[in-house]
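The primary structure of each chain is shown beneath.
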Amino acid sequence: MQKHLNTAGLPYVVNPRIVRGLDYYTRTVFEFVTTSLGAQGTVCGGGRYDGLIETLGGTPTCGVGFGMGIERVLLLMENLGLNIPKEPPVKLYIASMGDAAYDVAFSAVTDLRRNGIRAEVDHMQRGIKAQFKYADKIGAEYVTVIGDDELLSGEVKVKKMSDGSTESIKLTELTKHFKGGEN
């Protein structure tokens, strides 16, 4: 390991007293530590665990693993002045009312995503007001509601959040509508 780090020109410190807290580690253990986060400076840690799989009843297998806190990585990036990219906004948020409507909404969101369109659906069975509030919070560009009436008619009203305008679209054509570039 040290030979490869030296060849790559990567600085490191050998510390024979590192304790990772898991007794299945063998040979190399490691930590990535920064001084930019104060006393809680470990950003990532892990090591080799060549005997773990065998201990659990499997065949002898070499292994390596690590744990890393995403919050610490983001905090470190912020402290170092690095740009944290923003995700593009959700194109369509589908609110649903009832089990049958949820099933259709979930299927529609799955199809939209498969076609490269960022879409979300509520999985927590919240009320319609809470779903609209969440859609606004995540910055959804468009919102639609699927309930019993929409299931019967096969059409939904899609609301553009920026100006409140609405448009009726057949449920079966949601993906086609948003993929077609009309929005």
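The structure contained in this document is the topic of the report that follows. All values derive from a computational prediction rather than experimental measurement.

## Quick word on the environment of V156
Structurally, V156 can be placed in strand β7 (residues 155-160). Once the C-alpha coordinates of V156 and E167 are considered, the two residues, 11 residues apart in sequence, prove to be 8.2 Å apart.

## A closer look at the side chain of E150
One can find E150 in helix α6 (residues 148-153). The contact partners of E150, leaving out residues within four places of it in the chain, are V145, E155, V156 and L171.

## Details of the pattern of salt bridges
On inspection of all chains with the given rule, the structure shows 5 salt bridges. In this structure, R48 and D50 form a salt bridge, with 2.7 Å as the shortest nitrogen-oxygen distance. We classify D50 as buried; its relative accessible area is 17%. Taking the shortest distance from any N to any O, the salt bridge between R126 and D122 comes out at 2.7 Å.

## Digging into the packing of aromatic side chains
Tallied over the full model, the rule gives 4 aromatic pairs. When the centroid spacing of 5.3 Å and the interplanar angle of 70° are considered together, the rings of Y142 and F178 count as edge-to-face. Residue Y142 is found in strand β6 (residues 142-146), and its partner F178 is found in helix α7 (residues 174-179); the two are separated by 36 residues along the sequence. Taken individually, Y142 and F178 each receive the classification buried, so the pair is uniform in this respect. A cation over an aromatic ring shows up here: R126 above the ring of Y134, its NZ or CZ 4.7 Å from the ring centre.

## Observations regarding the sheet that holds strand β8 (residues 166-170)
Strand pairing in a sheet takes place through backbone hydrogen bonds and is either antiparallel or parallel in direction. Within the open sheet, the 5 strands sit side by side as β5-β4-β6-β7-β8. Their pairing is mixed. Single-partner strands in this sheet number two, and they are β5 (119-121) and β8. On average, each strand axis in the sheet is inclined to that of its neighbour by 25°, with strand direction left out of account. As judged from the 3 bridges shared by β6 and β7, these two strands associate in the antiparallel manner. Counted as the bridge partner of V143 is K159 from β7. Seen against the sheet, helix α5 (residues 128-137) touches β4 (92-96), β6 and β7 and runs at an angle of roughly 170° to β4.

## A look at helix α4 (residues 99-114)
Think of an α-helix as turning once every 3.6 residues; residues three or four places apart then point the same way. Spanning 16 residues, α4 covers 23 Å between terminal C-alpha atoms, matching the ideal 22 Å at 1.5 Å per step. Of the residues making up α4, those classed as buried are A101, A105, A108, V109 and L112. Looking straight down α4, one finds that the buried residues subtend no more than 100° of arc, so they occupy a single side. Residues of α4 that are exposed and angled more than 90 degrees away from the buried face: D99, D103 and R114. Elements that come into contact with the buried residues of α4 comprise β4, β5, β6, α6 and α7. Backbone geometry just after α4 places G116 at a positive phi near 80°.

## What to know about a nonpolar patch on the surface
Where nonpolar side chains cluster on the molecular surface, the patch consists of I70, L74 and I84 and spans about 240 Å² of accessible area. Within the secondary structure, I84 sits in the loop between α3 (70-79) and β4. Taking relative accessible area as the criterion, I84 reaches 33% and is therefore assigned partly exposed.

The rules we used
Residues numbered from 1 in each chain as written. Predicted model: local features only at pLDDT ≥ 70, side-chain atom pairs only at ≥ 80, totals over all residues. Heavy atoms only, no water. Helix = DSSP H or I, 4+ residues; strand = E, 2+ residues; numbered from the N terminus. Contact = heavy atoms within 4.5 Å. Salt bridge = Lys/Arg side-chain N within 4 Å of Asp/Glu carboxyl O. Buried < 20%, exposed > 50% of the residue type's maximum accessible area, 1.4 Å probe, protein only. Phe/Tyr/Trp six-rings, centres within 6.5 Å; stacked < 30°, edge-to-face > 60°. Lys NZ or Arg CZ within 6 Å of the ring centre and 35° of its normal. Pairing = 2+ DSSP bridges. Axes fitted to C-alpha atoms, helices over the stretch in contact; angles between N-to-C directions. Expected span 1.5 Å × (residues − 1). Arc of directions from axis to C-beta. Patch = residues over 30% accessible without salt bridge, like charges linked within 9 Å, V, L, I, M, F, W, Y side chains within 5 Å. Areas by Shrake-Rupley, 256 points an atom, 1.4 Å probe, with all protein chains shown as cover.

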